[in-house]
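Single-letter residue listing:
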Amino acid sequence: MPEETQAVQTLNPGAQRIVAGALQRQKEAGYPLLGANHWLLELIMRHGPMAEDMARGLELVSLQKYLREQLSSGKAGAPLDEVTATAQAVERAKARGKEQATERDLAAVILTAAGYELVEPSPAGFAAVQSTTSSTAPDPGTASLSPQSSVLSPNYQPRARRPTPTLEQYGRDLTRQAAEGKLPTVIGRDQEVELMTETLCRRTKRNPVLVGPAGVGKTAVVEGLAQRIVEGRVPDELKGVRLIGLQPSTLVAGASVVGELEKRMKAILAEASQDGILLFIDELHSMIGAGGAVGSGDVASLLKPALARGDLACIAATTDDEYRRYIEPDAALERRFQPVRVQELTPEQTLEILYSLRDDLSKLRKVEIPDEVLSTLVEFAQNFMRNRHFPDKAVDLLEQCVAYAITHDKSSVELSDARAVVERMVGMPLDLGDRLASLREKLAERDLLKPEDVDALINRLEVTMRGLDLRLSRPNAIVLLIGDAADADEVLSAIMAKELFGSEDRVVAIDFSRFVHPADVTSLIGAPPGYVGYSDSLPLHRVAQMPWCVLRCENIDACHPAVLAVMTQALSDGFVAEARGKNIYLSDTVVLLTAHLDAGSVRPFGFRRGEGEAASRAADVQSGIAQVLGDELASQVDLVCSEVPVEGEAGRRHLEKYLLPDLSERYSKRGVSLHWDESLIQWLLEQHSAHSNQREWERLVDERLSPLLVKYLPAPSQKEVKSLIVKYEGDQIKIDTINPDQPKEGGKE
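Since this is a predicted model, take the numbers as computed values, not measurements.

1. Looking at the nonpolar core
Ranked by size, the top nonpolar core spans 60 residues in total, and within it Leu-443, Leu-457, Leu-461, Met-496 and Leu-500 carry the most contacts. Ranked by residue count, the leading element in this core is helix 19 (residues 392-407), at eight residues.

What follows is the structure, encoded as structure tokens:
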């Protein structure tokens, strides 16, 4: 009788069916050798619940799918012929005092060969057989159930033997990507990688969490570790480790059925608990509350017991803000991790990264990037993107420039193109010279500032908006509007936003007269965590969203001293530290401050001069402002404007081009065509001398002229347009109706 037949007869009928099924699967697949994958698939198809009870980390549904994919691609796993499997099953049976092996004995042999740890202890006398089986080096082409079954690197062979179908479904194998050369080169992070490696080699609390601002390259540090593992440049404890990245959001996706998330996490933890598996959880804070109630059914609560027992090793990453907000309050979770701080790279280190990326992009995109372009990008990112961090912001600029070259069918990135692309990308005004010239023209045309104030403002912006001032962190200009100029703040801010930044919507207005109590500081910078209004949107958040804007701070003199102190410090430092811990930078803004001060004692002086009468006048002005706003804020002001030129020709231009045409346009929409006689214009010009500022001049029109015009509004049913001419005769305003054929008497529309 052949040896195979004698061996099979020592099995009970159930075990014999497993052997026959495995042989049939080998025959159908056309594989020359019987492998562990054939055995394991046949076992779980016939006795799945039994196998799940016998082995740690075996999840039937995902494992079945995984084994079918492996066999369809010609991967049979570690060689295990029927004679060897039967002999080992019989040895197990004899160790139990039985002559014939059962399905459970054969299952133990199959699971052990597949790398699973058995829940039940090995029978006495079988330890030697198990040791011999597990120590046999499998064939490189078919050996491992890991997807890295082939020799990926001479210095790297995965030591995890059990299959990890759930991890492969929901994770990303970083060591495999490193072995295949799919990870970018990591520059300037040797210290962080070494510290993380040391932490992983600890006996307790060996779970490092990378903490640092968004964009500093926390994920790159982990990718650097994966590359070192593949290259063999790690301690023996980490050699052959598979580093698998997980996203909590991916785990939760599709787990709407009750118990589905727990099932996934159970399978993941069982697979990751074997020797040779290292998890990386990006965005650690997103585990809190993911998939269930915080502290009970979320991913974090399912992970904490495994971390507490030390069943697995885990690397995590999160930002400083999220670590304080989500991780620190959960003491049980926080003490499982060892923080590793990841600081922002220097401009020099970032430039080295851009050199490396430039080479890759040139090969991939066929676009050349000169060295001077890279230096310009780093310098621009450092000066004008303060709310982001290196190297992420510089890499974004480089990618955008390459995309611009591809879109415009260019073979290289020119320096002029790079500047235009990055300025457009961050919202920085393009063609600054033309914009400043247009602003000068509009301000002179509208007579919103005196000519010397316009010159001083434009000269200031010529320097600061090009990044050539000595203190780049300060706003581009801080202008204090008092007296008549304060009443024109809305129009002035709208014109500056339109001409400098391209849209009147780029105005952020904050009324400081609302902040009259010390606690109102929270209305400016936000409430502390846990307090009402912590997550509310603030006006300053709009500055963070569009850094290049006009920040109009109204009634700065009416706020509480505590609020004024915060704003003064912000103007000095160039940023506001909001309650969430983030900095909102004001360095790219133009700040307009309005205050109701006595314009008679505080006269405009432009930028402070250094000699003669101008210097004395500047000292008087600064002294008057300091009495109301404080010495520190007064020293931050670049330009003080108190008068609006509305007399003589300036006043006539204002009337004829803006005030009266604006009123005519409003009535035109209601079916009334207005024409202004010269006598009315002269009367309005004369009336200005009796009114202290432009706002009262406008109020005169609203109170004396508008009530008379309202009476001529047509009824809703009337469709014809009424044409009126407005005069001033006999010390009163007179309104006459113009017939369609009647010529107008030299009036203005």
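2. Observations concerning the sheet that holds strand 4 (residues 277-281)
Within the open sheet, the six strands sit side by side as 1-3-4-5-2-6. Their pairing is mixed. Strands with a single pairing partner mark the edges of an open sheet, and in this sheet they are strand 1 (171-173) and strand 6 (338-341). Across the sheet, the mean angle from the axis of one strand to that of its neighbour is 25°, orientation sign disregarded. Both strand 1 and strand 3 (residues 242-246) contribute to a ladder of three bridges, which runs antiparallel. Directly across from Asp-173, in strand 3, lies its bridge partner Ile-244.

3. Regarding the pattern of salt bridges
Inspection of every chain in the model, using the stated rule, returns 30 salt bridges. Here Arg-358 and Asp-359 are joined by a salt bridge, their closest N and O atoms 3.3 Å apart. Under the relative-accessibility criterion, Arg-358 is labelled buried at 14%. Here the salt bridges do not stand alone but share partners, grouping Arg-25, Glu-42 and Arg-46 into one network.

4. A word on helix 27 (residues 561-573)
For helix 27, which comprises 13 residues, the first-to-last C-alpha distance of 18 Å matches the rise-based estimate of 18 Å (1.5 Å per residue) to within 8%. Every buried residue belonging to helix 27 is among Val-563, Leu-564, Met-567, Thr-568, Ala-570, Leu-571 and Ser-572, and all of these are buried. Just downstream of helix 27, Gly-574 is the residue with a positive phi angle, here 90°.

5. Describing the sheet that holds strand 16 (residues 732-737)
In spatial order, the strands read 14-15-16; together these three strands make up an open sheet with mixed pairing. Every other strand in the sheet has two partners, leaving strand 14 (672-676) and strand 16 as the edge strands with one partner each. Put simply, the sheet's adjacent strands are angled 30° from each other on average, direction ignored. Where strand 14 meets strand 15 (residues 722-729), five bridges bridge the pair, whose relative direction is parallel. Considered in strand 15, the bridge of Ser-673 is made with Ser-723.

6. Things to note about the confidence of the model for the protein
Per-residue pLDDT for the protein has a mean of 83; in total, 86% of the residues score no lower than 70. Under a pLDDT of 50 for its full length, residues 122-151 has, in the predicted model, 53 contacts with residues more than four places off or in other chains. Segment residues 603-610: pLDDT under 50, and 30 contacts once partners within four positions in sequence are set aside and those in other chains are kept.

Thresholds applied
- Residues numbered from 1 in each chain as written.
- Predicted model: local features only at pLDDT ≥ 70, side-chain atom pairs only at ≥ 80, totals over all residues.
- Heavy atoms only, no water.
- Core = buried A, V, L, I, M, F, W, Y, C linked by side-chain atoms within 4.5 Å.
- Buried < 20%, exposed > 50% of the residue type's maximum accessible area, 1.4 Å probe, protein only.
- Helix = DSSP H or I, 4+ residues; strand = E, 2+ residues; numbered from the N terminus.
- Pairing = 2+ DSSP bridges.
- Axes fitted to C-alpha atoms, helices over the stretch in contact; angles between N-to-C directions.
- Salt bridge = Lys/Arg side-chain N within 4 Å of Asp/Glu carboxyl O.
- Expected span 1.5 Å × (residues − 1).
- pLDDT = per-residue confidence, 0-100.
- Contact = heavy atoms within 4.5 Å.

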